[in-house]
Amino acid sequence: MKGSFPMNTGILDGKSHPMEGACMNPARAAYCRTFQKAFRAALPALPYREPEILTDMERISDVCSEKGYRGVLVVTDPGIAELGLMEPMLRSFEDAGIEAVVYADTVANPTIANVEAARELYLDNRCQAIVGFGGGSAMDCAKAVGARIAKPRQKIPQMRGLLKILVPIPPLFAVPTTAGTGSEVTVAAVITDSETHYKYPINDFCLIPKYAVHDARVTFSLPKHITSTTGMDALTHAVEAYIGHSTSAYTREKSETAVKLIHDHLLRAYEDGHDEEARAKMLYASYCAGIAFTQSYVGYVHGVAHSLGGQYGIPHGLANAIILPHFLRAYGKACAPQLARLARICGIGPQATDTIAAANFIDWIDDMNRRMDIPRYVEGIKEADIPLMAAHADAESNPLYPVPVEMDARELAGMYYVVAGKRMGFGA
């Protein structure tokens, strides 16, 4: 592969990266920037809203009783179901005379089959509301179920992309058990087609949950590796939103809040899962990051992570955590001022110049990954799979994501070699 993509030097560490001075076709790059500017100009007129926050899971039954909902579908995953985290909520439903049916088969990268099975359960039991209880996968599945109920004649692949639903979904309560995805406040649901291995987002304002439940108790029993990777997922959301071309004063403030909270509390939550303050602060950090990227969008880290998740089942937070520092170094000077501001807000390292401060911020990300046993590279990437994954990442990211440096499928293909550390099964 050497020589098949442009190799230029990123300014932040003196190493070679394929994005500094990337050479997307100028006409296509101009189209992408025009699209992003138009979308940014339209943002104030779009129906974005933030969910109402409930402070504990038992409040869901109170709201359902007030609204007259007599049946609720709870969408979760096998791990959450086995841990018994939902028991206080389920007891409160029972006490209120509300029938709760549980779909607990959501997989780590929820599939169309998951969505359809949960939808049938909702309809068979005449439910009136949905609870997404778990990490991003459970909430993505719950959102997609709502979309299918709202648009019964429209299949999931037809909802792919932006604003393909446009009608209200059933009332949705989001109970995050991880502090990372921000799904409780976002417009996105990411679903995997298990036949094609294509993982793609559905984006529509109607998918924003009506209620978000921030109950730190449900995060106490998270395994360390879930705490770490979901926390770095939140960091990725905040950073990608911050360095893009579609920020606003509000989203910059939310990104800065999220990054500072993650800097101060993620390791505490990782080292002591019952540190209630750290857990609560991480929930709020994830929420702020979710607000930021919902309005200002993410970037190529997500496009590549989604393709890896679809192809190999790599958990999204883990993929983001590994990929983020590689892309930040590759962007080089295009995002150095923004990263320098984040470094100064967090008090990270020497800050004599923007270049030094930005490099220290990226080094801090590397150090966080190392301290939480997150690998530096993605293992198991097959060279033969790269062209298709790069095409998927290109299709998802361009023209929508307002990245610091535009990159096409050819240049994105080069980044798979970077994030793999060029250690993969060539020809496999």
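What you see is a predicted model, and the numbers here were worked out from it, not measured in a lab.

1. A word on the nonpolar core
In this structure, Val239, Phe327, Leu328, Leu339 and Phe361 are the most contacted members of the largest nonpolar core, which totals 84 residues. Sorting elements by how many residues they give to this core places helix α11 (residues 316–331) first, with nine residues. The residues touching Val239, leaving out its near neighbours within four places in the chain, are Val259, Leu324, Leu328, Leu339, Leu342 and Phe361. In this structure, Val101, Ala118, Ile156 and Ile202 belong to the second largest nonpolar core, which totals 28 residues.

2. A closer look at the packing of helix α7 (residues 224–243) against helix α12 (residues 336–346)
Contact geometry of α7 with α12 gives a least axis separation of 9 Å together with a crossing angle of 130°. What the angle tells us is that α7 and α12 run oblique. As α7 packs across α12, the resulting crossing turns out to be right-handed. When α7 is examined against α12, the residues Val239, Tyr242 and Ile243 are found in contact with a partner set consisting of Gln338, Leu339, Arg341 and Leu342. Here the residues of the contact of α7 with α12 sort into five nonpolar, one polar and one charged.

3. Section: the pattern of salt bridges
According to the stated counting rule, one finds 16 salt bridges in the structure shown. Here Arg376 makes a salt bridge to Asp366, at a shortest N to O gap of 3.6 Å. Residue Arg376 is located in the loop between α13 (354–371) and α14 (386–397), and its partner Asp366 is located in helix α13; the two are separated by 10 residues in the primary sequence. Of the residues examined, Asp366 reaches a relative accessible area of 16% and is grouped as buried. Sharing partners across several salt bridges, the network here consists of Arg329, Asp363, Asp366 and Arg376.

4. Digging into empty space enclosed by the protein
All chains considered together, the criterion is met by two cavities of 30 Å³ or more. Reported here for the largest cavity is a volume of approximately 70 Å³. Forming the boundary of the largest cavity are Ala179, Thr219, Leu222, Thr227, Thr230, Gly231, Leu266, Ala269, Arg279 and Met282. Elements with a contribution of two residues or more to the lining of the largest cavity: α7, α8 (249–271) and α9 (276–296). Looking at which element gives the most residues to the lining of the largest cavity, the answer is α7, with three residues.

What counts, and where the lines are drawn
Residues numbered from 1 in each chain as written. Predicted model: local features only at pLDDT ≥ 70, side-chain atom pairs only at ≥ 80, totals over all residues. Heavy atoms only, no water. Core = buried A, V, L, I, M, F, W, Y, C linked by side-chain atoms within 4.5 Å. Buried < 20%, exposed > 50% of the residue type's maximum accessible area, 1.4 Å probe, protein only. Helix = DSSP H or I, 4+ residues; strand = E, 2+ residues; numbered from the N terminus. Contact = heavy atoms within 4.5 Å. Axes fitted to C-alpha atoms, helices over the stretch in contact; angles between N-to-C directions. Parallel < 35°, antiparallel > 145°, perpendicular 65-115°, else oblique. Left-handed = near helix turned anticlockwise from the far one by under 90°. Nonpolar A, V, L, I, M, F, W, Y, C, P; charged D, E, K, R; others polar. Salt bridge = Lys/Arg side-chain N within 4 Å of Asp/Glu carboxyl O. 1 Å grid on protein atoms, 1.4 Å probe; cavity = no way out; pocket = protein on both sides within 12 Å on 5 of 7 lines; lining within 4 Å. Points joined across faces, edges and corners; volume = space filled by probe spheres on them.

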